[in-house]
Amino acid sequence: RLLKMINIFCRLRILCVVPLMILSVPSLAQTVYSYHASMCQGAGAGHEAKMKVTKLGVENKHATSAIWIRCPVPVEYFDSSFTDSGFGVVVTNSRNTSVKIYCILDALDPTGFTSRSSNITVAPNNVKEQVWEIPNKELVGALISCKLPPKTGLGLYIGGSTSF
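Sequence positions are assigned chain by chain, starting from 1 and proceeding in written order. Local features in this predicted model are restricted to residues of pLDDT 70 or higher, and side-chain atom pairs are both shown and tallied only at a pLDDT of 80 or more, whereas totals for entire chains, interfaces and linings draw on every residue. Side-chain metrics in this entry use all non-hydrogen atoms of the structure; hydrogen atoms and water are not considered.

So, on to the overall build of the protein chain. Strands are runs of DSSP state E lasting at least 2 residues, helices are runs of H or I lasting at least 4, and numbering of each runs from the N terminus. Of the regular secondary structure elements, the protein chain holds 3 helices and 11 strands. Put simply, the protein chain runs from its N terminus to its C terminus through helices and strands in the order α-α-β-β-α-β-β-β-β-β-β-β-β-β. To sort residues, take the accessible area from a 1.4 Å probe on protein chains only and compare it with the maximum for the residue type: under 20% means buried, over 50% means exposed, and anything in between is partly exposed. Taking all 164 residues of the protein chain together, the buried fraction comes to 43%. Only the protein chains shown count as cover for residues, and all accessible areas are computed by the Shrake-Rupley method using a 1.4 Å probe. Put simply, the protein chain shows about 8300 Å² of open surface, and 57% of that area lies on carbon and sulfur atoms.

Written out as C-alpha cells, the structure is:
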C-alpha cells in the first residue's frame, strides 16, 4: 500500500509542476508540503482513543463506529496578486467491501473561509486520492477533516501554493 500511495502523489497535479517551468518564470514561487497523517488528531478524546498510528498513517481501529480526525495544514503566505493553492489526501480501505470516506477542506483567507468537501469512494483493500484546488486566493491556513469508518485510514495529506 505504501508504494500505491507514493505513486498517487506522483500523479497529483500540484506535485507535477515541471521544474523547468520554475526556471523559465522568474517571478514564480512554489511551495508544496507533504505530511504523514500521524500529525492529525482525533476530534476529541473519544476519537483519539479509536485512532491507531502506523507507518502508513492513521487508521480507525474501532470495530463499529466512525471517527473524525483533523489535520492542520500549514500554508506559506504569499503577498501576491495571484495565488493558486492545492490540497490533497490519500485515504486507505482495509475492508473487503468498498467504502465512502467523507473529507472536508477548510481554507482560511484574509476575507473568510473557503470550504470543499468530498465523499471519496475507496475500493476494497485499496487507496484513493482526493485533490482540491483553490485558485486565485491568498490563503493563510487550512484544516482537513475526515470521517473514517472502521478499518479505513488516512495515509498522507498535502498542501501547497504557487504565486506569481
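Turning to the pairing of strand β4 (residues 57-60), a few remarks are in order. Relative to β4, strand β3 (residues 51-54) runs antiparallel, the two being bridged by 4 bridges. Residue lysine 52 lies in a different strand from β4, and its bridge partner there is glutamate 59. DSSP bridges decide pairing: two strands pair if at least two such bridges lie between them. Where β3 hands over to β4, the hairpin turn is made up of 2 residues, counted between the paired strands.

On to the state of the cysteines. Disulfides are defined in this document as cysteine sulfur pairs within 2.5 Å. Following the criterion strictly, the structure yields 2 disulfides and no others. Between the sulfur atoms of cysteine 40 and its disulfide mate cysteine 71 the distance is 2.0 Å. Measuring the twist about the S-S bond at about 105 degrees, one finds the cysteine 40-cysteine 71 disulfide to be right-handed. Note that cysteine 40 is positioned in the loop between β1 (29-36) and β2 (41-42) and cysteine 71 in strand β5 (residues 67-73), a separation of 31 residues in sequence.

As a further point, take the sheet that holds strand β7 (residues 99-109). The strands that make up a sheet pair up through hydrogen bonds in the backbone, lying either parallel or antiparallel. If you walk across this open sheet you meet the 5 strands as β2-β5-β10-β7-β8, and the pairing is antiparallel. With partners counted over all chains shown, the strands left at the sheet margins are β2 and β8 (112-122), one partner each. Taken together, the 2 bridges between β2 and β5 define a ladder with antiparallel strand orientation. Its bridge partner being in β5, glutamine 41 is matched across the sheet by arginine 70.

Ile69, Phe87, Val89, Ile144, Leu154 and Tyr157 are the most contacted members of the largest nonpolar core, which has 29 residues in total. If you list the elements that add at least two residues to this core, you get β5, β6 (83-93), β7, β8, β9 (126-134), β10 (141-148) and β11 (152-163). Aside from chain neighbours lying at most four places away, what touches isoleucine 69 is Cys40, Gln41, Gly42, Met51, Ile144, Ser145, Cys146, Leu148 and Leu154. We call a set of buried residues a nonpolar core when its members are Ala, Val, Leu, Ile, Met, Phe, Trp, Tyr or Cys and they connect through side-chain atoms within 4.5 Å of each other. Only heavy atoms matter for contacts: two residues are in contact if any of them lie within 4.5 Å across the pair.

What follows is about the packing of aromatic side chains. Ring pairs are drawn from Phe, Tyr and Trp, using the six-membered ring of Trp, whenever the two centres fall within 6.5 Å, and their geometry is named by plane angle: stacked under 30 degrees, edge-to-face over 60, tilted for the rest. Tallied over the full model, the rule gives 2 aromatic pairs. Between the aromatic rings of tyrosine 35 and tyrosine 157, the centroid separation amounts to 5.1 Å while the plane-to-plane angle is 25 degrees, which identifies the pairing as stacked. Here tyrosine 35 is found in strand β1, whereas its partner tyrosine 157 is found in strand β11, with 122 residues between them in sequence.

Read these as spatial facts, not as claims about activity.
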